[in-house]
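One letter stands for each residue in the lines below.
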Amino acid sequence: MDVQNLSTNFPGPIDTSVLYEQEQHVSSAIWEGQDRGTLRCHEHTSKIDGWKLTKKQIDLVGKAGFGHFRLIGQVSLNNPLISALVERWRRETNTFHLPNGEITITLDEVTRILGLRVNGEAVVRDNTFLGTNTEICESLLGKAPNSDAKEIKGGMVKLSWLKENFSECPKDASNEEVEQRTRAFLLYLVGSTIFATTSGNLVPLLYLPLFKDFDKAGKYAWGAAALAFLYRQLGKASMKSQGTISGSLTLLQCWSYFHLNIGRPDLKQDLSHRFPLALHWKGRLNNQTKSDVVVYRQKLDSLESIDIDWTPYKDLDSGIPENVRGDLILGKSRTILICMDKAEWHLPDRCLRQFGLHQSIPTEVQRRESKSNEVDNEVDTSKRMDLEVQEWSNRLQNIVDGVEDGNGTDESEYIHWYSNITRKKVHRQAFAPSQFQESVAEMMKIQEIAYAASTEDLNIKNKVAFEKIKSLVDRYLANRVEGFKALEKRKRTSEDGQNEDEL
C-alpha cells in the first residue's frame with residue numbers, strides 16, 4: 001500500500017484493535033463496489049391502530065409499563081436513511097462511527113423517545129410458567145392458535161391471529177376475558193415494535209408469560225430490553241451477509257432526526273411538551289422528502305462535529321412525567337442490557353459529548369464472542385445469564401463521570417486516537433451503484449476486445465503484458481460477478497432463515 005496516499009485513499013481502520021470485524025462489515029463490501037442497497041426494514045405497525053381498547057384495558061396496559069408507548073402507533077419509516085445509518089454501526093462498540101467521533105442510542109433516549117421505563121428488573125424468560133405453547137396460550141389468552149392452519153410456527157404465533165381474535169373487547173366481558181385480551185394486545189404490541197423480527201407476521205410466545213401479572217410486568221425494564229434487542233439487530237444488519245433489519249426502527253429513526261439533520265422532516269408545530277418524543281414525528285410531516293441510500297451515505301461521510309446536535313433535548317424535557325424522570329441518569333450507566341438471551345454492552349463512556357461532557361479516550365471494551373449470547377429460545381438460559389443480570393443489577397453504581405465540555409475544549413488526543421481506530425468513510429465515489437454498473441459494462445467491453453485481438457505481431461514482452469491485462473480484467477469481473485451472485489442468493493434466502501436466527 002502507498003503510505004503517502006494512506007490518509008486520503010485508505011478508509012481505515014489503521015489500528016484494527018477496536019474494529020476487529022472490519023472484513024465482515026458491510027462497509028468493506030461497499031468500498032469494493034458490492035453495494036447491497038437499501039435494507040428491508042421490518043417493523044409491523046401498519047395495523048396496530050386497529051386495536052380498540054376499553055378503559056379497563058388501557059389501565060392494564062399502563063400498569064404493564066406501556067401506557068405512553070402505546071400512543072405512538074405507526075411511524076412512517078425512511079428505509080434508505082436507516083440503511084445508511086446501519087452502515088455506520090459497529091457491533092464491536094455498539095456505537096455509530098461517524099467521521100469525528102462515536103455516537104449511540106442511550107438508555108435515557110429510549111425513555112424520552114419511546115416512553116418506556118429503563119430502570120427495573122431485567123427482561124428474562126419466566127421459567128416458573130411451565131407448559132406447552134398451546135397450554136400457555138389457553139391459560140393466558142383463553143384460546144390457542146391452530147397449528148394446522150399455520151397460526152403458530154416454532155414457538156411463534158402470527159400477529160394476524162392475535163388481531164383477528166382479540167382486537168375488540170366485548171362490553172360485557174368478564175375481568176378474566178379483559179385481562180386475556182389485554183395480554184394479546186401487549187404481545188402484539190411488543191411483537192410488532194420493540195421486538196419485531198424479520199420473520200414477518202410472527203411474534204415469539206416466550207414474551208407472553210411476562211404479562212401474566214400486570215403489576216409485575218410494570219416492574220420490568222422494557223426500555224432497556226428494547227435497546228438490547230435493537231443493538232443486536234443493528235449488529236447483525238451491519239454484516240455484509242445481511243439484507244434485512246428489525247427491532248424498534250421507530251426508535252432508531254427518531255433518534256437520528258433529533259441528532260442529525262439528514263432526511264429530517266420539518267415539525268408541523270411546537271410539540272415541546274408532548275411525551276413520548278416519537279410523537280414529534282408521527283403522522284404527515286412537512287418537507288418529508290426521501291433520498292436513496294447513496295445520498296445519505298455521502299452525507300454521513302461528510303459530517304463534521306458541528307453538524308451533529310449532541311444534546312438535542314435541552315428544551316424538550318419539560319413534558320417528561322415525574323415517575324420516569326429519575327430513569328434518565330441511566331443514560332450514563334456503563335452496563336449490560338438484557339433481553340431474554342441477548343446481552344449487549346451499553347457504553348456511554350464512548351459518547352460523552354451526548355451528555356455535554358469532554359470526550360476522552362474510552363475504556364477498552366471486551367471482545368465479543370461469536371454467537372455467545374445467541375441460543376435457542378427453548379433453552380433454559382437462567383444460569384448462563386447470571387453474570388449479565390448481576391452486571392445489570394449494579395447499573396446505578398456504574399455511572400460514568402466526566403469533565404463538562406466548554407467552548408474550545410481540547411480533544412486533540414481523542415481525535416488522533418479515533419482517526420486511527422475508526423472507519424472514516426463508507427462511500428467511494430467511483431463505486432456508486434450506477435457508476436459501478438457502468439464500470440463493469442466498460443470492463444466487459446475491454447474483455448471482449450482483448451479476447452478478440454490477435455497477439456501474433458507482438459513480441460514476447462508485450463504478449464506477456466497483454467496476457468496480464470486479460471488476467472486482471474478476468475479476475476476483476478469474476479470477483480464482481482461472484483459478489484453479486486452471493487448478494488442475490490442472500491436476498492432470496494434471508495427471510496426463510498430468519499425465524500430461528502431471531503429467537
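Reading the values: rules and limits
- Residues numbered from 1 in each chain as written.
- Predicted model: local features only at pLDDT ≥ 70, side-chain atom pairs only at ≥ 80, totals over all residues.
- Heavy atoms only, no water.
- Helix = DSSP H or I, 4+ residues; strand = E, 2+ residues; numbered from the N terminus.
- Buried < 20%, exposed > 50% of the residue type's maximum accessible area, 1.4 Å probe, protein only.
- Contact = heavy atoms within 4.5 Å.
- Areas by Shrake-Rupley, 256 points an atom, 1.4 Å probe, with all protein chains shown as cover.
- Core = buried A, V, L, I, M, F, W, Y, C linked by side-chain atoms within 4.5 Å.
- Pairing = 2+ DSSP bridges.
- Salt bridge = Lys/Arg side-chain N within 4 Å of Asp/Glu carboxyl O.
- Axes fitted to C-alpha atoms, helices over the stretch in contact; angles between N-to-C directions.
- Arc of directions from axis to C-beta.
- Phe/Tyr/Trp six-rings, centres within 6.5 Å; stacked < 30°, edge-to-face > 60°.
- Parallel < 35°, antiparallel > 145°, perpendicular 65-115°, else oblique.
- Nonpolar A, V, L, I, M, F, W, Y, C, P; charged D, E, K, R; others polar.

Digging into the overall build of the protein
A count of helical and extended segments in the protein gives 18 helices and 10 strands. In the protein, which comprises 503 residues, the proportion classed as buried is 52%. Expressed as a percentage of contacts within the protein between residues at least 6 apart in sequence, the contacts between residues at least 24 apart total 79%. Carbon and sulfur atoms make up 48% of the accessible area of the protein, which totals about 23300 Å².

Remarks on the nonpolar core
Membership of the largest hydrophobic core comes to 106 residues, with the highest contact counts inside it found for F66 and L162. It is helix 10 (residues 222–237) that contributes the most residues to this core, 11 residues altogether. Among all residues touching F66, those that are not within four sequence positions of it are V61, L116, L186, L189, V190, I194, F211 and W222. V18, Y414, W417 and Y418 belong to the second largest nonpolar core, which has six residues in total.

Overview of the pairing of strand 9 (residues 335–339)
For strand 9, the tally of buried residues reaches five of five residues, placing the bulk of the element in the interior. Here strand 9 pairs with strand 10 (residues 342–346) via five bridges, running antiparallel. When the sheet's bridge partners are listed, I338 is paired in strand 10 with A343. Between the antiparallel neighbours strand 9 and strand 10 lie two residues, among them M340 with a positive phi of about 55°.

Topic: the pattern of salt bridges
Enumeration according to the criterion identifies 20 salt bridges in this entry. Its salt-bridge partner being R428, residue E32 comes within 3.8 Å of it at the nearest N-O pair. Taken together, the residues E32 in the loop between helix 2 (26–31) and strand 1 (40–41) and R428 in the loop between helix 15 (412–421) and helix 16 (433–452) connect sequence positions 396 residues apart. Judged by its relative accessible area of 26%, R428 falls in the partly exposed class. Here R325 ties to E322 by a salt bridge, and the two come within 3.4 Å at their closest N and O atoms. Of this pair, R325 and E322 are both found in helix 13 (residues 322–325), three residues apart, which corresponds to roughly one turn of the helix.

Description of the sheet that holds strand 2 (residues 89–90)
Here we have three strands laid out as an open sheet, ordered 2-3-4, and antiparallel in their pairing. For this open sheet the edge positions go to strand 2 and strand 4 (101–103), each flanked by a neighbour on one side alone. Bridge analysis of strand 3 (residues 95–98) against strand 4 gives three bridges, and the strand direction is antiparallel. Note that in strand 4 the partner of F96 across the bridge is I103.

Things to note about helix 5 (residues 107–114)
Most of helix 5 sits out of view: eight of its eight residues are buried. The set of residues buried in helix 5 consists of L107, D108, E109, V110, T111, R112, I113 and L114. The elements touched by buried residues of helix 5 are helix 10, helix 11 (249–259), helix 13, strand 9, strand 10 and helix 14 (386–393). G115 occupies a position one or two residues after helix 5 and carries a positive phi of about 75°.

Digging into the sheet that holds strand 5 (residues 152–153)
Read across the open sheet, the three strands follow the order 5-6-7; overall the sheet is antiparallel. This sheet does not close on itself; its edge strands, each paired only once, are strand 5 and strand 7 (202–204). Note: strand 6 (residues 156–158) against strand 7, three bridges, orientation antiparallel. Within strand 7, the position partnered with V157 by the bridge is V203. Most of the contacts of helix 7 (residues 159–166) go to strand 6, to which it runs at about 55°, and overall it touches strand 6 and strand 7.

Focus: the environment of L330
Positionally, L330 belongs in the loop between helix 13 and strand 9. Once the C-alpha coordinates of L330 and D108 are considered, the two residues, 222 residues apart in sequence, prove to be 6.2 Å apart. Not counting residues up to four positions away in its chain, the partners in contact with L330 are L107, V118, N119, H346, R395 and L396.

Describing helix 6 (residues 133–141)
Residues I136, C137, L140 and L141 constitute the buried set of helix 6. Considered in projection along helix 6, the buried side chains sweep an arc of 100° and stay on one side of the axis. Looking at the buried side of helix 6, the elements it contacts are helix 7 and helix 8 (175–192). Phi turns positive, to about 90°, at G142, one or two residues after helix 6.

Describing the side chain of T106
Counting through the fold element by element, T106 comes out in the loop between strand 4 and helix 5. Taking relative accessible area as the criterion, T106 reaches 1% and is therefore assigned buried. The residues contacting T106, other than those within four sequence positions of it, are L227, G331, H346, Q354 and F355.

Focus on the packing of aromatic side chains
Using the criterion set out here, one finds 19 aromatic pairs in the structure. A ring pair is formed by F66 and F69, whose centres lie 6.2 Å apart and whose planes are at 65°; its orientation type is edge-to-face. Residue classification places F66 among the buried residues on the basis of a relative accessible area of 0%. Ring centres of F195 and W222 lie 6.4 Å apart, and the angle between their planes is 50°; this geometry places the pair in the tilted category. Of the two residues, F195 sits in the loop between helix 8 and strand 7 while W222 sits in helix 10, which places them 27 residues apart along the sequence. On the basis of relative accessibility, which here comes to 0%, the residue F195 falls in the buried class.

Concerning the environment of S139
Inspection of the secondary structure assignment puts S139 in helix 6. Accessibility expressed as a relative area gives 42% for S139, which makes it partly exposed. Each C-alpha atom, one on S139 and one on Q180, is 8.7 Å from the other, the two residues being 41 residues apart in sequence. Beyond its immediate sequence surroundings of up to four residues, S139 is in contact with F129 and Q180.

Remarks on the packing of helix 4 (residues 79–86) against helix 11
One way to put it is that helix 4 packs onto helix 11 with a least axis distance of 11 Å and a crossing angle of 85°. The angle between helix 4 and helix 11 falls in the class roughly perpendicular. Residues L81, I82 and L85 of helix 4 lie in contact with helix 11, whose contacting residues are L249, L252, Q253, S256 and Y257. Residue composition of the contact of helix 4 with helix 11, by class: six nonpolar, two polar and no charged.

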